[in-house]
Amino acid sequence: MLYDLHTHSSISDGILSPEALVSRAKKNSVTHLALTDHDTVGGLEAAAVAATAQGVQLISGVELSTEWRGAGIHVLGLGIDPYHPSMSETLRSQAQARERRALEIGDRLARLGIKGAFEGARRIASGGTLGRPHFARFLVAEKIVPDVETAFKRYLGAGKTGDVKQYWLTMPEVIAAITESGGVAALAHPLKYKLTLTRLRRLVGAFKEAGGAAIEVCSGKQSTSETDAAARLATGFGLLASGGSDFHSPDKPWQELGEYTSIPAQCTPIWQLWERVC
Ligand code: MN
Ligand code: MN
Ligand code: MN
């Protein structure tokens, strides 16, 4: 059994179509795949059809953006009913937030003399959920930066011009929507927010308090010390442990579908929720 509970398709900022994502999962021996596009469930239907055809178990997922005390935070919803009214309402609100955010990022970049970023990013997103990676690709295409990493470092990452997060629903709101739609809320990549350990522990406490059930102990390939730190958060707060690649694109070999550090034995893996006793 190989679970990958965090992946993206071209419906948000991934490169592969939902069908191609499922094919790659199959090829990489993933047995249980969660498609967790940013603030959209638009790829789940196509993914489900492909998964049935290829014998992959699809877990309906989503990655919701939120804000906690000034930090941009991501919460995974796993095993959701994507069409539950609570989820639909949440996704509508998140889509509006995304649009307002993208306009503001465009305005802020224009003030720095970078014109047409909103339109450019929207063109690159080609109808998918518009996010910072699309702005990054625009900045690369315009030769303003050499690569996507530099775009985040200079313009879009935490604390930079394009770091706009005030429009998202609150963490309790997104967790409630996930839970009401039958899913489990997992705090995504806890070590990527660059919080001090004290703030990180407060975040995890607030997450659990609001009904969060799991934490992504392993996100892609990470160091032993990162795994130990995340595992301590999971066991210390009594949260289930999730794991996934956060796969976006085949041209990032360090982030391959189905590949992530194994969850340490002291943690309780989230997949016990989907394992049937035979
Ligand atoms: Mn992404
Ligand atoms: Mn994320
Ligand atoms: Mn992600």
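Attention in this report is confined to the structure presented alongside it. The structure presented is a predicted model; accordingly, all values stated were derived computationally and were not measured.

Structural notes on the coordination of the manganese ion (ligand 3)
Here is step 1: Protein coordination at the manganese ion (ligand 3): the donors are His6 (NE2), His8 (NE2), Glu63 (OE) and Asp246 (OD), at 2.1 to 2.2 Å from the metal.
Here is step 2: Site description for the manganese ion (ligand 3): donor spacing in sequence, H-x1-H-x54-E-x182-D.

Re the pairing of strand E4 (residues 71-78)
Here is step 1: Within E4, 7 of the 8 residues are buried, which leaves it mostly tucked inside the rest of the structure.
Here is step 2: In terms of strand pairing, strand E3 (residues 57-68) meets E4 through 8 bridges, oriented antiparallel. Bridge pairing in E4 links Val62 to Gly77.
Here is step 3: Counting the residues in the hairpin turn of E3 and E4 gives 2 residues, including Arg69, whose phi is positive at 45 degrees.
Here is step 4: Two elements, E4 and strand E5 (residues 184-187), share 4 bridges in a ladder whose sense is antiparallel. Bridge pairing in E5 places Gly77 opposite Ala185.

Section: the coordination of the manganese ion (ligand 2)
Here is step 1: For the manganese ion (ligand 2), every protein donor is listed as Glu63 (OE), His74 (ND1) and His189 (NE2), and the spread of their distances is 2.1 to 2.2 Å.
Here is step 2: Here the donor residues for the manganese ion (ligand 2) map to a single chain with the spacing E-x10-H-x114-H.
Here is step 3: Separating the manganese ion (ligand 2) and the manganese ion (ligand 1) is a distance of 5.6 Å. In this pair, Glu63 sits in strand E3 while His189 sits in the loop between E5 and helix H8 (197-209), placing the two residues 126 residues apart along the sequence.
Here is step 4: By relative accessible area, which is 7% here, His189 ends up buried.

Thresholds, definitions, all that
Counting from 1, residues in each chain are numbered in the order their sequence is written. Each chain is given a letter, starting from A, and each ligand a number, starting from 1, according to the order in which they appear as written. Only residues with pLDDT of at least 70 are given local features in this predicted model, and only at 80 or more are side-chain atom pairs given and counted; all residues enter the totals for whole chains, interfaces and linings. Side-chain metrics in this entry use all non-hydrogen atoms of the structure; hydrogen atoms and water are not considered. Note on donors: an N, O or S atom is included if it sits within 2.8 Å of the metal, or within 3.2 Å for Na, K and Ca, and water is never included, so sites can look incomplete. Exposed residues in this analysis have more than 50% of their type's maximum accessible area, buried residues have under 20%, and partly exposed residues fall in between, with area computed by a 1.4 Å probe over protein chains only. By the criteria applied, helices consist of DSSP H or I runs no shorter than four residues and strands consist of E runs no shorter than two, each listed in order from the N terminus. Here the rule is simple: two strands pair whenever DSSP picks up at least two bridges between them.

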